[in-house]
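What follows is the residue order along each chain.
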Amino acid sequence: MGAHTSCQRLSKEDLDFLARNTHYEEDTISEWYRGFRKDCPDGKLTPNDFMKIYSQWFPMGRTSHFCNHVFRTFDTDRNGFIDFKEFLFAIDVTSCGTPEQKLAWAFRLYDVDGNGSIDMREMTQMVKSIYTMMGLTKELVEHHETAWDKAKEIFIRMDKNEDGKVTREEFIQTCLSNLGLFEILTPNVCNYLGSFDTEPNK
């Protein structure tokens, strides 16, 4: 994120708190904050602004559905916008977290209704949104597959006890033992949100 002209500063208390609870040094946090406030002068990252950022990186796909789900996991207090603390914590987990932490975040992404488990409908919804965002729906057609087919394949692999739902533990353990699934299901959001001021095509 760019750190150009801005008079906005984090309080010492907030800076200390974020430095203690993330992998970032104080200078780096301050740089992130200046860029965040430049792009969000009121300190609030809205769903529309969030979607605009993602759209820059996926011009061939449609990002709205996936963005809505990522936004949901970032907006932890569910007040309709992402503040700087929520933003930095989410970026920290998805880019610097342990595999288990990244997967715990990804589980929240797939657990759309927040009931503590993932059902087949939720898995299909998320797989479809990812393929649409990446512009890969044509690839599915060429392989005579649908998002439901791909989701079912993943779901069966995860649902160890075949009870029709995937728990947090099942999700994490399956992904930890399968690098391919881990990479598909734990998008590094920092790749797309790590530089609000950087145009991807420059």
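In short, a report on the structure.

Criteria and cut-off values
Residues numbered from 1 in each chain as written. Predicted model: local features only at pLDDT ≥ 70, side-chain atom pairs only at ≥ 80, totals over all residues. Heavy atoms only, no water. Phe/Tyr/Trp six-rings, centres within 6.5 Å; stacked < 30°, edge-to-face > 60°. Lys NZ or Arg CZ within 6 Å of the ring centre and 35° of its normal. Axes fitted to C-alpha atoms, helices over the stretch in contact; angles between N-to-C directions. Helix = DSSP H or I, 4+ residues; strand = E, 2+ residues; numbered from the N terminus. Left-handed = near helix turned anticlockwise from the far one by under 90°. Contact = heavy atoms within 4.5 Å. Nonpolar A, V, L, I, M, F, W, Y, C, P; charged D, E, K, R; others polar. Salt bridge = Lys/Arg side-chain N within 4 Å of Asp/Glu carboxyl O.

1. What about the packing of aromatic side chains?
Summed over the entire model, instances satisfying the criterion amount to 11 aromatic pairs. Ring pairs connect the aromatic residues Tyr24, Trp32, Tyr33, Phe36, Phe84 and Phe87, which therefore count as one cluster. Above the plane of the ring of Phe81 lies Lys44, whose end atom (NZ or CZ) is 4.8 Å from the centre.

2. Concerning the packing of helix H1 (residues 12-21) against helix H2 (residues 26-39)
Where H1 meets H2, the axes come as close as 9 Å, and the angle between the chain directions of the two elements is 115°. For the crossing formed where H1 meets H2, the hand is right-handed. Where H1 abuts H2, its residues Lys12, Leu15, Asp16, Leu18 and Ala19 lie against Glu26, Ile29 and Ser30. Counted by class, the contact of H1 with H2 contains 4 nonpolar, 1 polar and 3 charged residues.

3. Focus: the pattern of salt bridges
By the definition in use, this model includes 4 salt bridges. Lys85 is the partner of Asp14 in a salt bridge, and the nearest nitrogen-oxygen pair spans 3.1 Å. Residue Asp14 is located in helix H1, and its partner Lys85 is located in helix H5 (residues 84-96); the two are separated by 71 residues in the primary sequence. A salt bridge links Glu153 to Arg157; its shortest N-O distance comes to 3.6 Å.

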